[in-house]
Amino acid sequence: TWHLKKIPQIVSERTFSLESPKFEAKTNLELNSVCGIECQRKLPVPSLSDLKDLLSYETVFENGTRTLTEVNVLGLVLDPAGNTTTQRATRKKRQIYGTDSRFSIYDKRFMTNFPFNTAVKISTGCSGVLISPKHVLTAAHCLHDGKDYVKGSKRLRVGLMKTKSRGDGRKRKGARRNSMPSFQWTRVKSTHIPKGWFKGVSGDIALDYDYAVLELKRPHKRKYMELGISPTIKMMPRSMIHFSGFDNDRSGQLVYRFCSISDESNDLFYQYCDAEPGSTGSGIYLRLKEPNKKKWKRKIIAVYSGHQWVDVNGEQQDYNVAVRITPLKYAQICFWIHGNDENCTQG
């Protein structure tokens with residue numbers, strides 16, 4: 001069941017103008033020397049003033065102007081347990097080894113229907129997910145390398161799937177028509193990235209804040225996926241997660257996968273879903289029962305950050321990581337969508 005949680009409030013305090021970014025960074029879909037599972041266990045619990053700093057955010061507008069908004073956090077109960085991780089299973093494989101467990105979605109009936117229709121392509125080479133009629137959730141490093149915005153983010157666009165048929169369009173009797181997605185590209189009006197992402201990149205990259213929200217110039221009429229608060233592994237059916245994106249090695253295909261989570265910290269899930277660059281930024285979702293109802297509902301509970309290399313005992317090791325939607329992040333993303341916190345009190 002989706003458990004309702006009391007959500008802390010995030011309110012904006014002050015907004016400053018900043019100089020325009022240079023937009024000169026290179027897009028890098030695979031990160032090195034990030035703070036991994038062992039490093040996460042040693043991180044101190046952020047204080048309330050730390051969190052206010054980490055959750056302050058930059059907004060970049062279509063015309064290249066940039067602002068910084070400082071926030072206050074109200075009604076938060078700090079967890080004294082720290083960044084504990086729960087060991088689940090030993091490392092199985094990285095990216096794709098042995099049997100590839102991904103599914104390419106070809107059938108138009110699936111591709112253009114929920115939940116697959118919520119997957120979008122970002123013009124910098126990543127994926128994302130529709131979370132409102134005008135907003136897309138993706139990974140921060142698809143747009144910013146920690147020091148500057150990537151080249152392609154100056155004229156950022158989002159590709160919503162439409163389908164074109166393979167072949168000459170004549171349907172043979174009894175044959176099922178397979179489709180390749182083509183994209184209807186929409187300009188991005190503004191981009192929000194939490195300050196925790198810039199802060200994290202100054203030393204070892206802590207991936208806790210590797211998420212961003214894009215506001216589209218025009219609303220779409222498609223069904224989008226609601227945000228949910230990420231439950232712990234124990235509260236998930238068979239600890240399974242699902243996500244769809246546009247993996248680089250399967251050009252022009254929508255690729256779906258599911259797998260179980262192996263380990264978790266307060267802000268991250270560690271999993272070994274088969275994935276390739278390009279699927280970075282996909283929305284990870286679960287299907288759970290609505291409280292006091294018979295209905296089941298899919299909600300986004302994490303953002304796929306991608307395949308990462310980390311230092312473990314002085315050696316480089318790797319895993320796939322996702323950024324969890326915690327109550328704080330839920331409050332922030334919800335605030336970005338609605339412009340106030342009134343619609344964000346229940347997760």
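As recorded in an unreviewed UniProt entry, the protein chain goes by the name Inactive serine protease 35, listed as coming from Eolophus roseicapilla. For the protein chain, the Sequence similarities (unreviewed entry) comment in UniProt is given as "Belongs to the peptidase S1 family." Looking at the protein chain in UniProt, the text filed under Subcellular location (unreviewed entry) is "Secreted".

K.L.:
Is there a simple way to think about the overall build of the protein chain in this case?
P.N.:
Per the secondary structure count, the protein chain includes 5 helices and 18 strands. Taking all 347 residues of the protein chain together, 54% fall into the buried category. The contacts in the protein chain between residues at least 6 apart in sequence include a share of 74% that link residues at least 24 apart. Here the protein chain has roughly 16200 Å² of accessible surface; of this, 49% comes from carbon and sulfur atoms.

K.L.:
Where do I start with the environment of Met225 in this structure?
P.N.:
Along the chain, Met225 turns up in the loop between strand E12 (212-216) and strand E13 (240-245). Here Met225 is in contact with Phe114, Pro115, Thr118, Leu130, Ile131, Tyr285, Arg298, Lys299 and Ile300, once residues within four sequence places are set aside.

K.L.:
Would you explain empty space enclosed by the protein in this entry?
P.N.:
Gaps left between atoms are located by rolling a probe of water-molecule size over the structure's atoms. Enumeration according to the criterion identifies 3 cavities of 30 Å³ or more in this entry. There is about 140 Å³ of room inside the largest cavity. Lining of the largest cavity is provided by 16 residues; of these, Phe61, Ser153, Lys154, Leu156 and Thr191 occupy positions nearest its centre. Counting only elements with at least two residues in the lining of the largest cavity, the list comes to strand E3 (57-61) and strand E11 (179-194). Considering each element in turn, the lining of the largest cavity owes the most residues, 5 residues, to E11.

K.L.:
What should I look at first to understand the state of the cysteines in this one?
P.N.:
Inspection of every chain in the model, using the stated rule, returns 1 disulfide. Across a sulfur-sulfur distance of 2.1 Å, Cys126 and Cys142 are joined as a disulfide pair. In this structure the cystine formed by Cys126 and Cys142 twists about its S-S bond by roughly -95°; its chirality is therefore left-handed. Of this pair, Cys126 sits in the loop between strand E7 (119-122) and strand E8 (127-130) while Cys142 sits in the loop between strand E9 (135-138) and strand E10 (157-165), placing them 16 residues apart in sequence. Grouping residues by exposure puts Cys126 and Cys142 together as buried.

K.L.:
Quick question: what am I supposed to make of helix H2 (residues 48-55) here?
P.N.:
Helical geometry: 3.6 residues make up each α-helical turn, so side chains three or four residues apart lie on a common side. Those residues of H2 that sit buried are Leu51, Leu54 and Leu55. Down the axis of H2, the buried side of the element spans an arc of 85°, and every buried residue falls inside it.

K.L.:
Is there a simple way to think about the pattern of salt bridges in this case?
P.N.:
Pairing is possible between side chains of opposite charge, provided their charged atoms come close. Inspection of every chain in the model, using the stated rule, returns 12 salt bridges. Glu58 is the partner of Arg66 in a salt bridge, and the nearest nitrogen-oxygen pair spans 3.2 Å. Just as Arg66 is buried, Glu58 falls in that class too. Among the ionic pairs, Glu215 bridges to Lys189, the shortest N-O distance being 3.7 Å.

K.L.:
Please clarify how the pairing of E12 should be interpreted in this entry.
P.N.:
Where a strand is regular, its side chains alternate between the two sheet faces. Among the 5 residues of E12, 5 are classified as buried, and the element is accordingly described as predominantly covered. Residues Ala212, Leu214 and Leu216 of E12 are buried on one face, and the alternating residues Val213 and Glu215, pointing to the opposite face, are buried as well. Here 4 bridges tie E9 to E12, and the two strands are oriented antiparallel to one another. Note that in E12 the partner of Leu137 across the bridge is Val213.

K.L.:
Any chance you could explain the packing of aromatic side chains here in plain terms?
P.N.:
Two aromatic rings, taken as a pair, are described by how far apart their centres are and by the angle between their planes. Within the structure shown, the criterion is met by 9 aromatic pairs. Between Tyr256 and Phe258 the ring centres are 6.0 Å apart and the planes differ by 40°, which places this aromatic pair in the tilted class. Pairwise contacts between aromatic rings join Tyr57, Tyr209, Tyr211 and Trp336 into one cluster. Positioned above the aromatic ring of Phe114 is the side chain of Lys223, whose terminal nitrogen or guanidinium carbon lies 4.3 Å from the ring centre. Above the face of the Tyr209 ring, Lys329 is positioned so that its terminal group lies 5.3 Å from the ring centre.

K.L.:
Looking at this structure, how should I read the side chain of Asn320?
P.N.:
Tracing the sequence through the fold places Asn320 in strand E18 (residues 315-324). Asn320 sits in the buried class, given a relative accessible area of 1%. A distance of 3.4 Å separates polar atoms of two side chains, one belonging to Asn320 and the other to Tyr304.

Definitions and limits used
Residues numbered from 1 in each chain as written. Predicted model: local features only at pLDDT ≥ 70, side-chain atom pairs only at ≥ 80, totals over all residues. Heavy atoms only, no water. UniProt positions renumbered as here; feature names shortened; annotations may be inferred. Helix = DSSP H or I, 4+ residues; strand = E, 2+ residues; numbered from the N terminus. Buried < 20%, exposed > 50% of the residue type's maximum accessible area, 1.4 Å probe, protein only. Contact = heavy atoms within 4.5 Å. Areas by Shrake-Rupley, 256 points an atom, 1.4 Å probe, with all protein chains shown as cover. 1 Å grid on protein atoms, 1.4 Å probe; cavity = no way out; pocket = protein on both sides within 12 Å on 5 of 7 lines; lining within 4 Å. Points joined across faces, edges and corners; volume = space filled by probe spheres on them. Disulfide = S-S within 2.5 Å. Arc of directions from axis to C-beta. Salt bridge = Lys/Arg side-chain N within 4 Å of Asp/Glu carboxyl O. Pairing = 2+ DSSP bridges. Phe/Tyr/Trp six-rings, centres within 6.5 Å; stacked < 30°, edge-to-face > 60°. Lys NZ or Arg CZ within 6 Å of the ring centre and 35° of its normal. Polar contact = N/O pair within 3.5 Å; in protein donor to acceptor, adjacent residues only side chain to side chain.

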